[in-house]
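Next come the chains, spelled out residue by residue.
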Amino acid sequence: MEKKPVLYSGIQPTGILTIGNFIGAINNWLKIQEDYFSIYSIVDLHAITVRQDPIEYRSRALSFYAQYIACGLDPEKSILYFQSHVHQHAELTWILNCYSYLGELRRMTQYKEKSKKNADNLNVGLLDYPVLMAADILLYQASVVPVGIDQKQHLELARDIADRFNNIYGQTFTIPEVYLGKQGNKIFSLQDPFAKMSKSDPNPDAAVSIIESPDSIARKFKRAVTDSESVVEYREDKPGISNLLVILSSMTDKSIDTLVKEYHDAGYKKFKEDVAEAVIEKLRPVREDYERLMKDKAYLLNIAGQGASRAAALAERTLAKVKKKIGLIERPSLN
Ligand code: TYM
């Protein structure tokens, strides 16, 4: 089972799972999942760094789990689990905290942004977030971590922490490589083509969910902010159109060059309609599968339990090794 190199990735169960998450992360996971032993988590401990309504949070986390499977992640071939079901994450985080520096955590771009947004709840978790993320990855000896570009800095920190630990105690952690898709590692908002498409954008027209209805998808692309020219070209000064080209290319597997030739003079209306159509068609089976899966919560919880057990067994191996290396006494068994 673990002969293949390990791939690890995760998504926070906040807001909606967007086509940005799909293109920047999940679609790449699907493309390379055969080459790796893959472990995917719903990182529900990460997302409590901002306040969540408990009832909503519980149902959203399960909905995200169903969306993972509906996208094609196979619970037989890979491990799909909830982070909070594997206590080793929290435990390794504490240990790694003692090998991480305040200065490097304060420099994280996402911390700076989030601390501005959450000035009224500037909790320690916001600062410590990347150490938990390092623990996620290092627990499983992951060698590749496919993410969007916004997570690259966190990955670099995870590598630094792993390297620091290995230098003190000898080889303990695999140093993970970041895997960025060739294109689409940053999908932009449909309403502001300079801002990242975000799961929790308060403007509902900014992001498209992967389980959204066809009508709503069509409406959002129709309203997508572009520019006042009319030619379809991939250019820095045409961020809206370029973003739509990346989306269309990712959904159809046609190259941007091919699409530019096809749509150059088609007009924005037709272009936007076709982007919407491609997104609708690509996501149709995902939505249908999702609806089917959500009718069987017992099945979802059952495979989540199995995923957690398999994940915990792997995580425990690394944690035990770490504890031994740093000099903690092994827990005596009572019989
Ligand atoms: P999160 O939940 O914000 O996003 C999940 C994944 O989607 C990518 N992504 C995007 N890619 C392209 N365009 C976008 N607009 C876009 N928005 C999001 C993210 O880069 C990410 O790959 N800290 C992580 C979750 C995490 C994790 C981990 C990831 C926790 N532990 C361990 C990998 C390994 C996060 O907040 O992602």
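All figures in this text were calculated on a predicted structure; none of them were measured in a lab.

Rules of the game
- Residues numbered from 1 in each chain as written.
- Predicted model: local features only at pLDDT ≥ 70, side-chain atom pairs only at ≥ 80, totals over all residues.
- Heavy atoms only, no water.
- Near = heavy atom within 4 Å.
- Polar contact = N/O pair within 3.5 Å; in protein donor to acceptor, adjacent residues only side chain to side chain.
- Helix = DSSP H or I, 4+ residues; strand = E, 2+ residues; numbered from the N terminus.
- Nonpolar A, V, L, I, M, F, W, Y, C, P; charged D, E, K, R; others polar.
- Salt bridge = Lys/Arg side-chain N within 4 Å of Asp/Glu carboxyl O.
- Buried < 20%, exposed > 50% of the residue type's maximum accessible area, 1.4 Å probe, protein only.
- Expected span 1.5 Å × (residues − 1).
- Core = buried A, V, L, I, M, F, W, Y, C linked by side-chain atoms within 4.5 Å.
- Domains from an automatic or database assignment.
- Contact = heavy atoms within 4.5 Å.
- 1 Å grid on protein atoms, 1.4 Å probe; cavity = no way out; pocket = protein on both sides within 12 Å on 5 of 7 lines; lining within 4 Å.
- Points joined across faces, edges and corners; volume = space filled by probe spheres on them.

Participant: Mind laying out the site of the ligand, listing which residues take part and the relevant values?
Facilitator: Residues in contact with the ligand amount to 27 residues; listed here are only the nearest, Tyr129, Asp136, Gly148, Asp150 and Lys199. Interatomic distance of 3.0 Å between a side-chain N/O atom of Asn21 and an oxygen atom of the ligand. One of the side-chain N or O atoms of Lys199 is found 2.5 Å from an oxygen atom in the ligand. Breaking the shell around the ligand down by element, the ones donating at least two residues are β1 (6–11), α1 (19–32) and α6 (124–139). Residues belonging to the shell around the ligand are distributed by class as follows: 11 nonpolar, 11 polar and five charged.

Participant: Tell me about the pattern of salt bridges, and name the residues and values.
Facilitator: Counting across every chain of the model gives 19 salt bridges. A salt bridge links Lys77 to Glu34, with the nearest nitrogen and oxygen atoms 3.4 Å apart. On the criterion of sequence distance, the pair formed by Lys77 in the loop between α2 (54–71) and β3 (79–82) and Glu34 in the loop between α1 and β2 (37–42) is long-range, its members being 43 residues apart. We classify Glu34 as partly exposed; its relative accessible area is 44%. Through salt bridges with shared partners, a single ionic network connects Asp227, Glu229, Glu233, Arg235, Asp237 and Lys238.

Participant: Please provide a residue-by-residue account of α1, values included.
Facilitator: Between its first and last C-alpha, α1 extends 18 Å over 14 residues, near the 20 Å set by a 1.5 Å rise per residue. Where α1 is concerned, the buried positions are Ile19, Gly20, Asn21, Phe22, Ile23, Gly24, Ala25, Ile26, Asn27, Asn28, Trp29 and Ile32. Looking at where α1 begins, the residue whose side-chain oxygen comes 3.0 Å from the main-chain nitrogen of Gly20 is Thr18.

Participant: Break down the nonpolar core for me, citing the residues and quoting the values.
Facilitator: Counting 61 residues, the largest nonpolar core has Ile19, Tyr65, Phe221, Ile247, Phe271 and Val279 as the members making the most contacts within it. The element that contributes the greatest number of residues to this core is helix α11 (residues 268–294), accounting for 12 residues. Split by domain, this core shows at least three residues from each of two domains, domain 1 (6–179 + 297–326) and domain 2 (214–292). Beyond its immediate stretch of four places on either side in the chain, Phe221 contacts Ile19, Leu190, Val208, Leu244, Ile247, Lys272, Val275, Ala276 and Val279. Within the second largest apolar cluster, 42 residues are counted, among which are Leu96, Leu105, Leu127 and Ala134.

Participant: Explain the layout of surface pockets to me, using residue names and the numbers behind them.
Facilitator: What the largest pocket holds in volume is close to 1,400 Å³. Taken together, 50 residues form the lining of the largest pocket, with Gln12, Gln110, Asp150, Gln151 and Lys196 sitting closest to its centre. Elements with a contribution of two residues or more to the lining of the largest pocket: β1, α1, α5 (109–117), α6, β4 (144–146) and α7 (152–169). Of the residues that constitute the lining of the largest pocket, the class distribution is 16 nonpolar, 22 polar and 12 charged. Its boundaries defined by the atoms lining it, the second largest pocket holds a volume of some 290 Å³. Along its surface, the second largest pocket is lined by 16 residues, and Phe188, Tyr234, Ser242, Asn243 and Val246 are the ones closest to its centre. Ranked by residues supplied to the lining of the second largest pocket, first place goes to helix α9 (residues 239–252) with four residues.

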